[in-house]
Amino acid sequence: MPPPPPAELRYGGRYSKNPLEDATFAAMCRRLPSVLAQTARMAWRIDRAAVLLLAGCQLAVGVSAAVLLTFTARAMRSVLAAGPVDERIHQALPAVLVIAAASGLGRVATALSSYADGRITPRLTTEADSALVAAVCRMEAAARAEDGCADRQEAAEMGVVRSHLMVQDATRLTAAVVRMVTASGVLSVLHPLMLPLLLLAVVPAGVGAVLHARVTYETHYANVGDRNVRQNLRGWATSAKFTDEIRANSMTGYLVFWYRAMSERIDAHTLAAAPRMLRIVLTSSAIGGVFLVITWAALAWLTASGRIELAIAGTAVVAVQTTLAALSQVVIYGAAMFHTALYLADMDGFLEYAAERAPKRGGLTPTRPVEEVCLHEVVYHYPGKDSPAVAGVSLTVRRGEILAVVGENGSGKSTLTRLLAALFLADKGRVTWNGHDVTDLDPDSLWELSGLVPQHFAQWPLSVRDNVTLGQPREEGDDRVWQALEAVGLRETIEDLPAGLDTLLARELWGGSELSGGQWQRLACARVLYRGAGLVILDEPTSQMDARGEHNILERIKALAADCITIVVTHQLVNTKIADRIIVMDHGRITEHGTYDELADGAGTFAELLALSTDR
Ligand SMILES: Nc1ncnc2c1ncn2[C@@H]1O[C@H](COP(=O)(O)OP(=O)(O)OP(=O)(O)O)[C@@H](O)[C@H]1O
């Protein structure tokens, strides 16, 4: 049976207006100097010596071009003068030598500038890439759920990819400008009419190149949403972690077909732009060609009518060729630079957007140990949701206490833990740690005191040791790492791995090993134990564990409870026996609270869920 047709995906996550809708040709040209300045600033920060070398080379390229043309005129005059050929050549020899030296200088300068570019570009890309990763990692967690955030990030990624062209485009553009200015200077001296004619020949190509870049960017913009979804789909479909689920649920054909269909939709957008591009290129070439013919005709007429001498006309031919080549390059690289600038603007825009959404909280350091975490009438709404996930919750948890949070799916348990850990800030109400509002506390110092095993934890493709210690300063010796592993019953498993603590936990990477689901979960618990955190939040920490593993962890939680605040979210109601207090959540509110015995003997949701869990 052929795979079913792909779902029509209506992706409404457009983040803003296409910035090109209002951009005029003049506005784009005006933008170039600022892009050049931005490139120079970024490069200057990275490698001043290389920037100076680059600037020196550009100057050398310009000087060599000017010298080349001026001495070509002299050599021509000598060669075309009256007298015996050997004498004329002899007379032209000094100028020829200067020409050879100037072109040698030009070539060396070009080679050195590409060396300087090679020194700057990789680091520039690394800077851009690292800045993007840091910006995303530092955003407020809640902002990542905003509409369009992922789209903007995808557009910004393109800026990083393009950043490797920045210096190259800028160098080529400035080299072309320098060559153009020198060559056109020489040409204007030869005859003032030549330059405006040449400009007319090249300007249509310039307009064409910029329009071309606009269309390419528009296509890119139209595809941002689709590409975002396709990229996610690709990651999920090709990850070894989901192979079983994909195969055993006969999703393969569907996913492969869907992936292809999405790619074809992206291609269709791109192909739809091709005729427009062709029209632009043909029109601009035709207009430019007409003016070029007029330029050559004008030169022929000036020479034939004796307005310029033959020797000068020879130089003019070289100067026209040089200016024309330089002008074309200015146009091509100007358009390329403009094109790159559009993606860089997306990247800059996203960095600004992310910076605006970086935590803007106070700088107070929380007092240690964490004695008390309180919620005062806290409300939290996810963007785009009608009803709040947490709807006016007040709660106090103290050191030495184990609090269990139970409730049906979607009742707001995980959101409550995010608010307690100050991962999200309340829309209304206050969350305090030791009496200080979390909005006044420095988030990094605050999270140094917390440890979390989330429902969906990462399986870091790192060594076992790094999986346990990630987020903590590296210590001498592995004693505490082994203690944490022992506490979750993983010692033997890890000892049996080929390289013990050094074993890479990523089967898909060469030499890596893989753990089972429950073993991964034990490892996530070991990480929290290793942290010795003051606020420990365990969101369904034993959902994948066998009875022994679960028992181990619960015993460990009890043993450590005296020194910290422990919050356990669980659907295994029997596990709430270890808690001093249980709260039941329903539609974002606490509907019941008490000890296990009080709630089990009551007539509320807890007793009902407990009865259901044993009714088989
Ligand atoms: N990132 C998110 N963006 C938008 N809505 C969300 C997000 N996370 C959760 N929600 C919504 O908030 C509500 C509470 O979700 P929460 O994850 O807190 O529930 P829960 O009690 O932990 O559920 P479960 O038992 O299934 O883990 C749900 O209606 C859910 O759809």
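Since this is a predicted model, take the numbers as computed values, not measurements.

## Describing the overall build of the protein chain
Inference 1: When helices and strands are tallied, the protein chain shows 17 helices and ten strands.
Inference 2: A compact globule built from 616 residues would reach a C-alpha radius of gyration of about 25 Å, whereas the protein chain, at 35 Å, exceeds it by more than 25%.
Inference 3: Each of the three principal axes of the protein chain carries a C-alpha extent, and together these read 120 × 55 × 50 Å.
Inference 4: Split into buried and exposed, the 616 residues of the protein chain put 44% on the buried side.
Inference 5: The contacts in the protein chain between residues at least 6 apart in sequence include a share of 77% that link residues at least 24 apart.

## Some points on the domain arrangement of the protein chain
It is common to give the size of an interface as the accessible area lost on bringing the parts into contact.
Inference 1: Taken as a whole, the protein chain is organised into domain 1 (33-356) and domain 2 (372-460 + 533-614).
Inference 2: A separation of 56 Å is found between the C-alpha centroids of domain 1 and domain 2.
Inference 3: With six residues of domain 1 at the interface, the matching set in domain 2 holds six residues.
Inference 4: Here domain 1 and domain 2 share an interface that buries about 490 Å² over both sides, 59% of which is from carbon and sulfur atoms.
Inference 5: Its largest share of buried area at the contact with domain 2, domain 1 owes to Glu140, Ala142 and Lys241, together 58% of the area lost on that side.
Inference 6: Summed over the shared surface of domain 1 and domain 2, the number is zero residue pairs in polar contact (both at pLDDT 80 or more).

## Brief notes about the sheet that holds strand 3 (residues 402-407)
Inference 1: Spatially, six strands are ordered 6-7-8-3-9-10 in an open sheet, and the strand pairing comes out mixed. Edge positions in the sheet fall to strand 6 (450-453) and strand 10 (589-594), since each has one partner strand and no second. Within this sheet the neighbouring strands show an average axis-to-axis angle of 15 degrees, counted without direction.
Inference 2: As paired elements, strand 9 (residues 581-586) and strand 10 share five bridges and run antiparallel to each other. The partner of isoleucine 582 across the bridge, within strand 10, is glycine 594.
Inference 3: Running over the sheet, helix 17 (residues 605-614) touches strand 3, strand 9 and strand 10 and is turned about 90 degrees from strand 9.

## Overview of the pattern of salt bridges
Inference 1: What the rule picks out here adds up to 21 salt bridges.
Inference 2: A salt bridge links arginine 227 to glutamate 154, with the nearest nitrogen and oxygen atoms 2.9 Å apart. Residue arginine 227 is found in helix 5 (residues 194-238), and its partner glutamate 154 is found in helix 4 (residues 149-190); the two are separated by 73 residues along the sequence. Of the two residues, arginine 227 and glutamate 154, both sit in the buried class.
Inference 3: Between lysine 558 and glutamate 555 there is a salt bridge, with the nearest N and O atoms lying 3.4 Å from each other. Remark: glutamate 555 and lysine 558 occur in helix 15 (residues 547-560); sequence separation between them is three residues, near one turn of the helix.
Inference 4: A single network of salt bridges, built from pairs that share partners, joins Asp47, Arg119 and Arg123.

## Some points on helix 4
Inference 1: Helix length check: helix 4 (42 residues) gives 58 Å between terminal C-alpha atoms against 62 Å at 1.5 Å per residue, within 8%.
Inference 2: Along helix 4, the sharpest change in direction is near 40 degrees and occurs at arginine 162.

## Quick word on the side chain of arginine 522
Inference 1: Along the chain, arginine 522 turns up in helix 14 (residues 517-531).
Inference 2: A residue is classified by how much of its surface remains accessible, and arginine 522, at 10% relative accessible area, is buried.
Inference 3: With residues near it in sequence (within four places) discarded, arginine 522 still touches Val488, Gly489, Leu490, Met545, Asp546, Gly549 and Asn552.

## A look at the packing of helix 7 (residues 252-304) against helix 8 (residues 310-356)
Inference 1: Where helix 7 meets helix 8, the axes come as close as 10 Å, and the angle between the chain directions of the two elements is 165 degrees. By the criterion of interaxial angle, the relationship of helix 7 to helix 8 is roughly antiparallel. Between helix 7 and helix 8 lies a crossing whose hand is right-handed. Within the contact between the two elements, helix 7 uses Leu292, Trp296, Leu299 and Thr303 and helix 8 uses Leu310, Ala313, Ala316, Val317, Val320, Gln321 and Leu324.

## A word on the confidence of the model for the protein chain
Inference 1: Put simply, the protein chain has an average pLDDT of 86, and 95% of its residues get 70 or more.
Inference 2: When the criterion is pLDDT under 50, residues 10-16 qualifies, and its contacts beyond four places in sequence or with other chains add up to 16 contacts.

Criteria and thresholds
- Residues numbered from 1 in each chain as written.
- Predicted model: local features only at pLDDT ≥ 70, side-chain atom pairs only at ≥ 80, totals over all residues.
- Heavy atoms only, no water.
- Helix = DSSP H or I, 4+ residues; strand = E, 2+ residues; numbered from the N terminus.
- Rg over C-alpha atoms; globule rule 2.2 N^0.38 Å.
- Buried < 20%, exposed > 50% of the residue type's maximum accessible area, 1.4 Å probe, protein only.
- Contact = heavy atoms within 4.5 Å.
- Domains from an automatic or database assignment.
- Buried area = accessible area lost by both parts, 1.4 Å probe.
- Polar contact = N/O pair within 3.5 Å; in protein donor to acceptor, adjacent residues only side chain to side chain.
- Pairing = 2+ DSSP bridges.
- Axes fitted to C-alpha atoms, helices over the stretch in contact; angles between N-to-C directions.
- Salt bridge = Lys/Arg side-chain N within 4 Å of Asp/Glu carboxyl O.
- Expected span 1.5 Å × (residues − 1).
- Bend = angle between axes of the 7 residues up to and from the residue.
- Parallel < 35°, antiparallel > 145°, perpendicular 65-115°, else oblique.
- Left-handed = near helix turned anticlockwise from the far one by under 90°.
- pLDDT = per-residue confidence, 0-100.

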